[in-house]
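Commentary on secondary and tertiary structure
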Amino acid sequence: MDHKTAEQNSAVEKYLLNEFTTGERQEFEAHFFDCPICADLVRQGAISIDNIKGVFRETPARGAVAGRTARPGSRWFSWVRAPVLVPSLAALVLAAVVSYQNLVSIPRLERPLVLSSAVLSSVSRGVAPVIRVDRKQALFNLNFEVDSPQAYPSYQCEFRNQVNNIVLSVNSGEKKVASFTLNLLLPAKLFPPGAYEMVLRPDSSPNLELRRYDFVIQNQGEDH
Amino acid sequence: MILASRSCSARTSSYRSFTPSLYDRVYRVSVNLDRHTFDRGYIERLIQGDAEAERHFARYFGDLLVIKLRARLRSPQLIEDARQETFVRVLHVLRNKGGLEYPERLGAFVNAVCENVLLETFRSGSRLQQLPEDAPEPVDQGASAESEFVTRERKALVRNLLSKLSDTDREILRQLFLEERDKDEICREFRIDRDYLRVRVHRALARCRVVLDKGEQTAALTNAAGQ
Ligand SMILES: [Zn+2]
């Protein structure tokens, strides 16, 4: 990116408002680290925004929006969410964020479970990867490659089936970085064979879609 | 590009310390930094350990690195570690290689080194721990901790400026920056489009910049007069 393009595209404001994709962000960073004009604008903008935030933190919100600052249920302890459309299964342990290792022992499971090391990337107009699920196990694992343009404190993962019904909604738990592998243990019962997609959104902005992942579930030992 | 391997804590002590407290005391940003030309002479002074050149380097790139890193890392400790590691690696390469082929691209080099540090941080952070269900809710320091750019004097200037904005503009800024609300929702609520939202932010930040700049010039003059 050259300076003229940065100016024409309001790159400084887009950068400060986190409106860039990861690629655009990196491109602009490569520019402003080398461009004293853009570097000054970014620095001054960041200083202004931080001090604006500092002032607002000390000032109580106006009544109309006061409720919005506290989002009940959005914090870390709600990291395991019951699926909206399957209340009868709410008592089941639905999903768990697992440690990234090849062999884990899950509470309430008799046998240790070998986890897949395959990682799903977000949609890139290719063929959706096929995940083979061992139906003898109550849970199976999926790993998602997450590269968010901005580091959010936590993310909401919404799984939809091929008729667009939500089958499961899971919170990622607290994240400290923008790029990571999200390892989920999912209940096999909720994922009969078929095509699925997982939509990733920041917990704090439920209408903002960050990434979309397609995959197909098949039963292990069956070929289609 | 050959980079030093990651052994930050062991090597940091061999360079002038860029610890946060020292950074805070000595290199705390002013809104406008003097612009330096990154040329062979500047690189040479860095290699020789010239205090003035190091101070400028740490101050100029320290701010940019924090701004870059905090969008990708939420923990203040991770951000500080990555900043320090970037400084250490850049100085290590400059001193070991005796300079840069294109000194005017020092900024691009710092950015590239920081990208590498970030990638390594992401990789090491992918080994996640399963947290027990009854664990206490962690404090989200990334979102709530006051940044090093915030000072009492600046807040006073910004508070005064915000009081002069229309209720709507103030509310937009609050929802955007403090509540980190979805921008499309803000646009819907205030019946504006995304471009116009950006224009309003641009105007508010421009006014902020002028106010902060003037305030700091006045403070500098007052300090100079008092000495
Ligand atoms: Zn520029």
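Everything in this summary refers to the structure shown in the same document. (Residues numbered from 1 in each chain as written. Chains lettered and ligands numbered in written order. Predicted model: local features only at pLDDT ≥ 70, side-chain atom pairs only at ≥ 80, totals over all residues. Heavy atoms only, no water.)

Turning our attention to the pairing of strand 6 (residues 139-147) of chain A. Residue and element names in this part refer to chain A. For strand 6, a buried count of seven out of nine residues is recorded, marking the element as mostly surrounded by other parts of the structure. Pairing geometry for strand 4 (residues 119-120) and strand 6, over two bridges, is parallel. Residue pairing for strand 6: Val119 is matched across the bridge by Asn143. Sheet topology note: the strand 6/strand 9 (residues 179-187) ladder contains nine bridges and is antiparallel. In the sheet register, Leu139 faces strand 9, and the bridge partner there is Pro187. (Buried < 20%, exposed > 50% of the residue type's maximum accessible area, 1.4 Å probe, protein only. Helix = DSSP H or I, 4+ residues; strand = E, 2+ residues; numbered from the N terminus. Pairing = 2+ DSSP bridges.)

Let us now look at the environment of Gln137 of chain A. Relative to the helices and strands, Gln137 of chain A resides in the loop between strand 5 (130-133) and strand 6. On a C-alpha basis, the gap between Gln137 of chain A and Pro187 of chain A in space is 8.8 Å, while along the polypeptide they are 50 residues apart.

All names here are of chain A. Coordination of the zinc ion by the protein is provided by His3 (ND1), His31 (NE2), Cys35 (SG) and Cys38 (SG), with metal-donor distances spanning 2.1 to 2.3 Å. For the zinc ion, the four donor atoms in the first shell make angles of 99 to 133° at the metal, a pattern classed as tetrahedral. Along the chain, the residues that donate to the zinc ion are spaced as H-x27-H-x3-C-x2-C. A residue pair is termed long-range when its members are at least 10 positions apart, and His3 in helix 1 (residues 3-8) and His31 in helix 3 (residues 22-32) qualify at 28 residues. Relative accessible area serves as the criterion here: at 22%, His3 is assigned to the partly exposed category. (Donors = N, O, S within 2.8 Å, 3.2 Å for Na, K, Ca; no water. Tetrahedral: all angles 85-135°; square planar, octahedral: opposite > 155°, others 65-115°.)

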